[in-house]
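Below, each chain spelled out in residue letters.
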Amino acid sequence: MKNDQDFPTLPDEALALDRRHLLRLWLTGSILLACPPGLAMAAGAAGASKAGGTLRIGADADPIGLDPTIVTAFSSNDFTALLYSGLLRWNAKMEVEPDLALSYDMPDEKTYVFKLRQGVKFHNGKDFTAEDVKYTFDRILDPATASRLRTQYASIDSVTIVDPFTVRFALKNRDAAFLSYLASNPDGAIVPKEVEELVTKPVGTGPFVFESYQPNQQFTLARNPHYFEDGLPNLEKVVFKFYKDQATLSSALRSKTIDMTWLKDPKVAALMARASKDFISAPGQTSRTFPVWLNMKAPPLNDVRVRRALSLATDRQACLQTVLGGSGKVGAMIPESQVGGYDGVGEMPYYKPDPAAAKALLAEAGFPDGIDLGDYIVVAANPLDVACAQILQQQWQAAGIKVKIVPMETAPLLNQWSSGTWATLLSVALSWTPDSDAILQYLNSQSKFGKAMGITDEGLDRMMTEARAETDNTKRAAKNLAIQKHIADQAYVLQVYQYPLRWEIWWNYVEGYVPLAANIRSFVRNTSLKG
């Protein structure tokens, strides 16, 4: 099969959001404007932008590692997106476009041959070649690396260097998610072959170079003078300043201590967006899912009756209304903004709250007087998560299920989640993913997280493999819906609700910036400061 894909030159509109382009993005749904459209579109009308300067971004969490191959924390993605490049990337419309690749050819439906840019240098001065691409993916697929990306790229059979600037990917089977993974950061980020310590000393080919990091204070990036896009980046430096709560973030933005930020709480963000006529506001798309992960390796959660009782004891709609004021929706594992449109929301087994039925299932499982599930671990730094956990605690208590809420710092929580060392219940929310498959893989028996949870469901694994190999979107949506109903029926995870991960706000002197559904700030490379 011949499918020669020559990527176009990077569009001019990706470099500056003029009035007409912003309107087009707004109408197509790529950007949702909270303030009146006329206000947002007029933001860049006056004054002239200039090269150089420092953009100050208010951040709500420090990075937890900067090696894209092994990183698991969403908080790191904002930094890896500016430090590293991939073969492909997402443009402002969330369409795949070239990055380190110039084109690709598909000799057949399981083979991709990429032509690479020449003259690209890593931040350490090393030339970028096909060897770095092969090294990156061989490292991902090496079990010793323990990369979470290994299951995402499980369809790769081999990566072969054709010549210094051509690389061939041979897949084991058709993979509808493959290009989406390559376009996402950090999932598709390319690292240099000879550099192994990237956790604290990142080396990429991205628009900015790592300069310094003071934990809980600030993270500084400097312009990459050898970046491969002519004239970019515009900024001389980017400084992330860390604030631990929404109030101080909001205050720093109002006082212009920072130039842009994002907020987690949709109620706070909606008020903040109206605080100044000079703010540009862009609510995110529904991309964050709030699940309760269950450790099923031992009693009592290895009993499906106990898990189903927990699901029946959960009033998801009440959680949504109380915590988010309705700014979201009850849903299954895959959020509505997912690339491919696999929403999966509908009638799910054991989703309708029924405390009496929950008690009956517990009694059948040998717990007629109720059950104490012990610690329920949540992210201490996210007040929305803690608030939802408290509501769940009350709901479950009404059905005879007791838990103790244990707020925990993010790094140790992620370690327990990925290693399976938490006792029974743990909540860590999922951010936007490049493909619906990326979320489902958390529940694959062969994945790092599936093993940590104790899932052994070969039938579910086959369903996931078949869905990922389906390139017809309508058929794939039906397969994904069947997967989500199976997950809900077995209550492998309790999905509570889904909502926008972040709500971005910036001053109107910040120009050229585009918020993405992926919730990473890739377009800082195109940003300039006016005045």
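None of the values given here were measured: they were computed from a predicted structure. (Residues numbered from 1 in each chain as written. Predicted model: local features only at pLDDT ≥ 70, side-chain atom pairs only at ≥ 80, totals over all residues. Heavy atoms only, no water.)

*Asks:* Would you mind showing me how to read the overall build of the protein here?
*Replies:* Each helix and strand counted, the protein has 16 helices and 22 strands in total. Counting only residues that meet the buried cut, the protein has 58% of its 531 residues in that class. Taking as baseline every contact in the protein between residues at least 6 positions apart, the subset at least 24 positions apart corresponds to 72%. A total of about 20200 Å² of accessible surface is found on the protein, and carbon and sulfur atoms cover 52% of it. (Helix = DSSP H or I, 4+ residues; strand = E, 2+ residues; numbered from the N terminus. Buried < 20%, exposed > 50% of the residue type's maximum accessible area, 1.4 Å probe, protein only. Contact = heavy atoms within 4.5 Å. Areas by Shrake-Rupley, 256 points an atom, 1.4 Å probe, with all protein chains shown as cover.)

*Asks:* Could you clarify how one ought to interpret the sheet that holds strand β3 (residues 54-59) in this entry?
*Replies:* What links the strands of a sheet is backbone hydrogen bonding, and the strands pair in either a parallel or an antiparallel sense. Taken in spatial order, the 7 strands make up an open sheet running β10-β11-β12-β3-β13-β20-β14, and their pairing is mixed. Both outer strands of the open sheet, β10 (208-214) and β14 (279-283), are each paired with one neighbouring strand and no more. Neighbour-to-neighbour, the strand axes of this sheet turn through a mean angle of 20 degrees, independent of strand direction. Pairing geometry for β3 and strand β13 (residues 260-263), over 2 bridges, is parallel. Pairing of Gly-58 across the sheet is with Thr-261, part of β13. Its contacts with the sheet put helix α6 (residues 246-254) on β3, β13, β14 and β20 (503-507), and the angle it makes with β13 is roughly 150 degrees. Lying over the sheet, helix α7 (residues 266-273) contacts β13, β14 and β20, oriented at roughly 25 degrees with respect to β20. (Pairing = 2+ DSSP bridges. Axes fitted to C-alpha atoms, helices over the stretch in contact; angles between N-to-C directions.)

*Asks:* How should I be thinking about the packing of helix α8 (residues 304-312) against helix α10 (residues 355-364) in this particular structure?
*Replies:* The description of two packed helices rests on the angle between their axes and on the distance between the axes. Contact pair α8 / α10: the axes reach a minimum separation of 8 Å and the direction vectors enclose 165 degrees. Comparing their axes, α10 and α8 come out roughly antiparallel. The handedness of the crossing between α8 and α10 comes out as left-handed. Between α8, through Arg-305, Val-306, Arg-308, Ala-309 and Leu-312, and α10, the contact on the second element is made entirely by Pro-355, Ala-357, Ala-358, Leu-361, Leu-362 and Glu-364. Across the contact of α8 with α10, the residue classes break down as 8 nonpolar, no polar and 3 charged. (Parallel < 35°, antiparallel > 145°, perpendicular 65-115°, else oblique. Left-handed = near helix turned anticlockwise from the far one by under 90°. Nonpolar A, V, L, I, M, F, W, Y, C, P; charged D, E, K, R; others polar.)

*Asks:* Can you help me understand the pattern of salt bridges in this one?
*Replies:* Two side chains bearing opposite charge may form a pair once their charged atoms approach each other closely. Under the defined criterion, the tally for this structure stands at 24 salt bridges. With a closest N to O distance of 3.1 Å, Glu-211 and Lys-237 form a salt bridge. Of the two residues, Glu-211 sits in strand β10 while Lys-237 sits in strand β12 (residues 237-242), which places them 26 residues apart along the sequence. The partly exposed category is assigned to Lys-237, whose relative accessible area is 30%. With a shortest N-O distance of 2.9 Å, Arg-305 and Asp-303 are connected by a salt bridge. Classification of Arg-305 as partly exposed rests on a relative accessible area of 26%. (Salt bridge = Lys/Arg side-chain N within 4 Å of Asp/Glu carboxyl O.)

*Asks:* Sorry if this is basic, but what is going on with helix α15 (residues 458-469) here?
*Replies:* Look at α15: 17 Å from first C-alpha to last across 12 residues, which is about the 16 Å you get at 1.5 Å a residue. Among all positions in α15, only Leu-460, Asp-461, Met-464, Ala-467, Arg-468 and Ala-469 are buried. Packing partners of the buried residues in α15 comprise α5 (178-183), α13 (436-440) and α16 (473-490). The residue sitting at the N-terminus of α15 and contributing the capping side-chain oxygen is Asp-457; that oxygen lies 3.2 Å from the backbone nitrogen of Gly-459. (Expected span 1.5 Å × (residues − 1). Polar contact = N/O pair within 3.5 Å; in protein donor to acceptor, adjacent residues only side chain to side chain.)

*Asks:* Any chance you could explain unusual backbone geometry here in plain terms?
*Replies:* Between Leu-232 and the following residue, Pro-233, the backbone shows a cis peptide bond with an omega angle of -5 degrees. Tracing the backbone shows Pro-233 in the loop between β11 (218-223) and β12. Residue Pro-300 is reached from Pro-299 by a cis peptide bond, and omega for that bond is 0 degrees. Turning to its location among the elements, Pro-300 is positioned in the loop between β15 (286-294) and α8. With phi around 55 degrees, Ala-146 is a residue other than glycine that occupies positive phi space. One can find Ala-146 in the loop between α4 (130-141) and β8 (156-163). Ala-146 gets classed as partly exposed once you look at its relative accessible area, which sits at 42%. You will see that Lys-256, though not glycine, has its phi angle at about 65 degrees, which is positive. In this fold, Lys-256 is placed in the loop between α6 and β13.

*Asks:* Help me understand the packing of aromatic side chains, please; the structure alone is not making it clear to me.
*Replies:* What describes a pair of aromatic rings is the distance from one ring centre to the other and the angle between the planes of the rings. Using the criterion set out here, one finds 31 aromatic pairs in the structure. Measuring from centroid to centroid gives 5.0 Å for Tyr-112 and Phe-178, while their planes differ by 50 degrees, and the two rings are tilted. Here Tyr-112 is found in strand β7 (residues 111-116), whereas its partner Phe-178 is found in helix α5, with 66 residues between them in sequence. Ring geometry for Tyr-153 against Tyr-181: centres 5.9 Å apart, planes inclined by 65 degrees, an arrangement best described as edge-to-face. One end of the pair, Tyr-153, is in the loop between α4 and β8; the other, Tyr-181, is in helix α5, with 28 residues separating them in the sequence. Accessibility expressed as a relative area gives 0% for Tyr-153, which makes it buried. On the accessibility criterion, Tyr-181 (0% relative accessible area) is buried. Taken together, the aromatic side chains of Tyr-104, Tyr-112, Phe-114, Phe-137, Tyr-153, Phe-169, Phe-178 and Tyr-181 make up a single cluster linked through ring pairs. (Phe/Tyr/Trp six-rings, centres within 6.5 Å; stacked < 30°, edge-to-face > 60°.)

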